[in-house]
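Geometric and topological summary
Here is what each chain is made of, one letter per residue.
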Amino acid sequence: IPRREVSPEYIAWFVSSQAVTLQRKSSGSTVKGITTGVLASLAIPLPPLDEQRLIVRLLDRAAEIKRRAGAARAKARAIIPALFLDTFGDPATNPMGWPVVTVGELLESAAYGTSQKANDRGEGIPMIRMGNVTIGGQLDTSDLKHIDIAGQEREKAEVLEGDLLFNRTNSKELVGKTGLWDGRFEAVAASYFIRLRVKRDQCSPAYLWAFFNTQFMKRALFDTARGAIGQANINAKELRAFRVGSPPLDLQTTFAEQVHRLEAVARHLDAAAAKADAMAAGLSAEVFA
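Bear in mind that the values here come from a model prediction, so they are computed numbers and not experimental data.

Quick notes on the overall build of the protein chain
- When its secondary structure is counted, the protein chain shows nine helices and 13 strands.
- A compact globule built from 289 residues would reach a C-alpha radius of gyration of about 19 Å, whereas the protein chain, at 24 Å, exceeds it by more than 25%.
- The burial tally for the protein chain puts 41% of its 289 residues in the buried class.
- Sequence separation of at least 24 residues holds for 76% of the intrachain contacts in the protein chain that already meet a minimum separation of 6.

What follows is the structure, given as structure tokens:
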């Protein structure tokens, strides 16, 4: 409870800015925590109350810019599932009467990623791991490990533009999350993925990717996944057996073009959100230096 001459919001912003320091000072074998003594011992710059309020307004504004950038990014990507339903109908009921085939019939190949160990030295080719595909199916390559791999092993695990990355092993809620590789750089898939390569004369990669990320398919994947607590699995045979509507290729292609445009907008908003995040962090660091 701050004294009268101290802004509560100023204190809150300061404590937030000290997260790294507080983590270093935390203690506990299982669940780490901070004592009131550690918190009370933090040295805080304390300008006059009017200046505190000015700082709070600046930091609040930076946080609002960050929030809006994140919301715009999420909204851009939320359009894609709605566009899929509008174009092809709900796959649960197939209201447009598309012919139904198995996923396996649309695949040129389905290969497991490499089980070789990655390194943190940045040596070799980037490896796409579970954390590099979000639950919504987007790519996040901000945290990468690398691997020295060559020859047939590399060829087997290499991902090319248009390949789907199906997360075959994860927690039950996350197993089956599926990313669409955009060829942003050379990479290989880790063993937790099945790399799917579609027959381009029958199926658009963006169509199958969007299908795997529908709520209908996520429920089907959850119901199919089996295994122990915290570790569920769907194998390549089970994956191939899933049934999917097969709309005309030209309609899939039109949908894919719209997806690529929306993803381009979303990537632009990703950059804007990252810039807003850096601005907020930099302003906080400067204020409380």
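Focus on the environment of Leu83
- In this structure, Leu83 sits in helix H4 (residues 49-88).
- For the pair Leu83 and Asp250, spaced 167 residues apart in sequence, the C-alpha separation works out to 16 Å.
- Apart from the residues within four sequence positions on either side, Leu83 is in contact with Phe255, Gln258 and Leu262.

Quick look at the packing of aromatic side chains
- Taken as a whole, this structure holds eleven aromatic pairs when the rule is applied.
- A centroid spacing of 4.8 Å and a plane angle of 70° characterise the contact between Phe88 and Tyr207, whose relative ring orientation is edge-to-face. With Phe88 in helix H4 and Tyr207 in helix H6 (residues 205-212), this residue pair connects regions lying 119 residues apart in the sequence.
- Among the aromatic residues, ring-to-ring pairing joins Phe84, Phe88, Tyr207 and Phe255 into one connected group.
- A cation over an aromatic ring shows up here: Lys172 above the ring of Phe222, its NZ or CZ 4.6 Å from the ring centre.

Structural notes on the pairing of strand S6 (residues 164-167)
- The side-chain alternation of S6 yields two buried faces, one formed by Leu164 and Phe166 and the other by Leu165 and Asn167.
- Examined bridge by bridge, S6 and strand S8 (residues 178-180) share three bridges and lie antiparallel to one another. Opposite Phe166, over in S8, you have Thr178 as the bridge partner.
- Of the strand pairs in this sheet, S6 and strand S10 (residues 193-198) are connected by four bridges, and their pairing is antiparallel. Looking at S10, one finds that Leu165 is bridged to Arg195.

Re the sheet that holds strand S4 (residues 145-147)
- Across the sheet, which stays open at both edges, the four strands sit in the order S4-S3-S9-S5 with mixed pairing between neighbours. Two strands close off the open sheet at either side, each with one partner strand: S4 and strand S5 (158-159).
- Of the strand pairs in this sheet, S5 and strand S9 (residues 187-189) are connected by two bridges, and their pairing is antiparallel. By the bridge assignment, Val159 is partnered in S9 with Ala187.

Quick notes on the packing of H4 against helix H9 (residues 249-287)
- H9 packs onto H4 with a crossing angle of 170° between their chain directions and a minimal axis gap of 9 Å. What the angle tells us is that H4 and H9 run roughly antiparallel. For the pair H4 and H9, the crossing hand works out as left-handed.
- When its residues are assigned to classes, the contact of H4 with H9 shows 27 nonpolar, five polar and seven charged.

Rules of the game
Residues numbered from 1 in each chain as written. Predicted model: local features only at pLDDT ≥ 70, side-chain atom pairs only at ≥ 80, totals over all residues. Heavy atoms only, no water. Helix = DSSP H or I, 4+ residues; strand = E, 2+ residues; numbered from the N terminus. Rg over C-alpha atoms; globule rule 2.2 N^0.38 Å. Buried < 20%, exposed > 50% of the residue type's maximum accessible area, 1.4 Å probe, protein only. Contact = heavy atoms within 4.5 Å. Phe/Tyr/Trp six-rings, centres within 6.5 Å; stacked < 30°, edge-to-face > 60°. Lys NZ or Arg CZ within 6 Å of the ring centre and 35° of its normal. Pairing = 2+ DSSP bridges. Axes fitted to C-alpha atoms, helices over the stretch in contact; angles between N-to-C directions. Parallel < 35°, antiparallel > 145°, perpendicular 65-115°, else oblique. Left-handed = near helix turned anticlockwise from the far one by under 90°. Nonpolar A, V, L, I, M, F, W, Y, C, P; charged D, E, K, R; others polar.

Purely geometric numbers; function is a separate question.
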